[in-house]
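Survey of secondary and tertiary structure
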Amino acid sequence: MTRRAAKGTTPATGPSAAASPRPAMMLGLATIGFAVTFWAWALLSPLSATLREQLSLTSFQQSLLVAVPVIVGSLGRIPVGALTDRLGARRMFPVVALLTVLPVLYLGHLASSFAGYLVGGFFLGLGGTTFAIGIPFVNSWYPPQRRGLALGIFGVGMGGTAISAFSTVQLAKAVGPSFPFDLVAAALVVYAAVVYLLLRDRPDRPVAPGSMLSRLATTLRMPVTWALSFLYAVAFGGFVAFSVYLPTYLTNAYHLDRADAALRTAGFVLLAVAMRPVGGWLSDHFRPTSVLVIAYGAVALLALGAALALPLAPVGTAAFLGMAAALGTATGAVFALLARLVVAERVGSVTGVVGAAGGLGGFFPPLVMGLVYGWLRDYMVGFLLLAATAAAAGVYTATVMRRRVEQGPAPAGG
């Protein structure tokens, strides 16, 4: 049964909910928590080259150290999203933040071997699950006509990975190897305390019935879950793939030095992050399916341009920045679409699965690009596959998903 509205409260879709300053405060707290936990989640990646030298790791072991927190964080969103539907964000945010402190301090002070860092990285993945806490929380505080922008603003918290990328190595060199971990641990503890005191779930928040396993089973039986997972895997997976593989591509295809390639990649990431709330805002004012069709169409066309290996300045750069803007827009629009297609008490569960699909979707394109380049010494086929996938996502959105929006939110079993 859903929880009844508390006496004197305004329903989540009422106009006064949007006018109150409270939703903005809740959105700010959730976004900060998302950024801080993602900062923790991404601590190992910038240090992977240093750890490779210190521990005499192979390339595969180095890649595994970086991949384990990402995989665990992506898959962990599934149970965390289901728990959030039941327990609420006020409990889940501080608990996840405090539990993440433990692997952060372990990695900063106790880990000294490949196995030790692997174990620490496994539990560090917990920090990547907060995405599935924040989406249903923000969704409950905002009326339908403003959810796209609100969810997009929350999504900016994924920029916590950029904070880690820009600061971890520099702080380790300037202060000491343990300092970045201590700083993040302190930030997590402070955030947990603040959020415990200030964060509040909406009083009339609908609570999903049944056990976590039964809710997950129901979520996985819903066709809309898999449809949204596909769309997010293309959008967010494409963003992740480029943020990981673009430096390698630029050094191989255009012979840039590592510093220049890293700087250009940072520009790609920042533009994609900035465009996420834009995608949500556009979805509030236009149909999210229309926004997605245009975004996926732009990715397909720009990927075709990239396949031609055009000169980097200015055409190639414009193509990659255009893809960043389109992918960022699509990530915001997918969750605006989710808010329209999924009943409130199941948003957390569906978000967990969709978020996992997006995180895991980022692993396949770099593998494909690497295999294609190793086989043909050319990236054309890889970009053609990206163009075909984006075009398929656009066509699917324009047909199947548009009909689903017209039908309204999916019932629990459909």
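Anyway, here's the lowdown on the structure attached to this text. (Residues numbered from 1 in each chain as written. Predicted model: local features only at pLDDT ≥ 70, side-chain atom pairs only at ≥ 80, totals over all residues. Heavy atoms only, no water.)

**A closer look at the pattern of salt bridges**
A complete count under the given rule lists 1 salt bridge for this structure. One salt bridge connects Asp204 with Arg202, and the closest N-O pair in it is separated by 2.9 Å. Exposure remark for Asp204: the relative accessible area of 12% places this residue in the buried category. (Salt bridge = Lys/Arg side-chain N within 4 Å of Asp/Glu carboxyl O. Buried < 20%, exposed > 50% of the residue type's maximum accessible area, 1.4 Å probe, protein only.)

**What to know about the packing of helix α7 (residues 131–141) against helix α16 (residues 347–361)**
Across the interface, α7 lies against α16 with an axial gap of 8 Å and an inter-helix angle of 140°. Classified by the interaxial angle, the pair formed by α7 and α16 is oblique. For the crossing formed where α7 meets α16, the hand is right-handed. Packed against α7, whose contacting residues are Phe131, Ala132, Ile135, Pro136 and Asn139, the element α16 presents Val347, Gly348, Thr351, Gly352 and Gly355 at the interface. (Axes fitted to C-alpha atoms, helices over the stretch in contact; angles between N-to-C directions. Helix = DSSP H or I, 4+ residues; strand = E, 2+ residues; numbered from the N terminus. Parallel < 35°, antiparallel > 145°, perpendicular 65-115°, else oblique. Left-handed = near helix turned anticlockwise from the far one by under 90°. Contact = heavy atoms within 4.5 Å.)

**Some remarks on a nonpolar patch on the surface**
Judged by side-chain polarity, Met25, Val190, Val194, Tyr196, Leu197 and Leu198 come together as a nonpolar surface patch covering roughly 560 Å² of accessible area. No other element matches the 5 residues that helix α10 (residues 179–198) contributes to the nonpolar patch. Tracing the backbone shows Val194 in helix α10. Relative accessible area serves as the criterion here: at 31%, Val194 is assigned to the partly exposed category. (Patch = residues over 30% accessible without salt bridge, like charges linked within 9 Å, V, L, I, M, F, W, Y side chains within 5 Å. Areas by Shrake-Rupley, 256 points an atom, 1.4 Å probe, with all protein chains shown as cover.)

**Thoughts on the environment of Leu149**
Its location among the elements puts Leu149 in helix α8 (residues 144–155). Overall, the relative accessible area of 30% leaves Leu149 in the partly exposed class. Each C-alpha atom of the pair Leu149 and Pro79 lies 26 Å from the other, and the pair is 70 residues apart in sequence.

**Describing the packing of helix α12 (residues 223–254) against helix α15 (residues 312–341)**
Orientation of α12 relative to α15, taken along the N-to-C sense of each, is 160°, at an axis distance of 9 Å. Taken together, the axes of α12 and α15 are roughly antiparallel relative to one another. Crossing of α12 over α15 shows left-handed handedness. Across the contact of α12 with α15, the residue classes tally to 23 nonpolar, 2 polar and no charged. (Nonpolar A, V, L, I, M, F, W, Y, C, P; charged D, E, K, R; others polar.)

**Comments concerning unusual backbone geometry**
Cis geometry marks the peptide bond from Ala313 to Pro314, where omega comes out at -5°. Relative to the elements of secondary structure, Pro314 occurs in helix α15. A positive phi angle, close to 55°, is found at Ser56, a residue other than glycine. Note on placement: Ser56 falls in the loop between α3 (48–55) and α4 (59–87). By relative accessible area, Ser56 is classed as exposed at 62%.

**Side note on the environment of Ala391**
In this structure, Ala391 sits in helix α18 (residues 380–407). When the C-alpha positions of Ala391 and Val299 are compared, they lie 8.0 Å apart, and in sequence the two are 92 residues distant.

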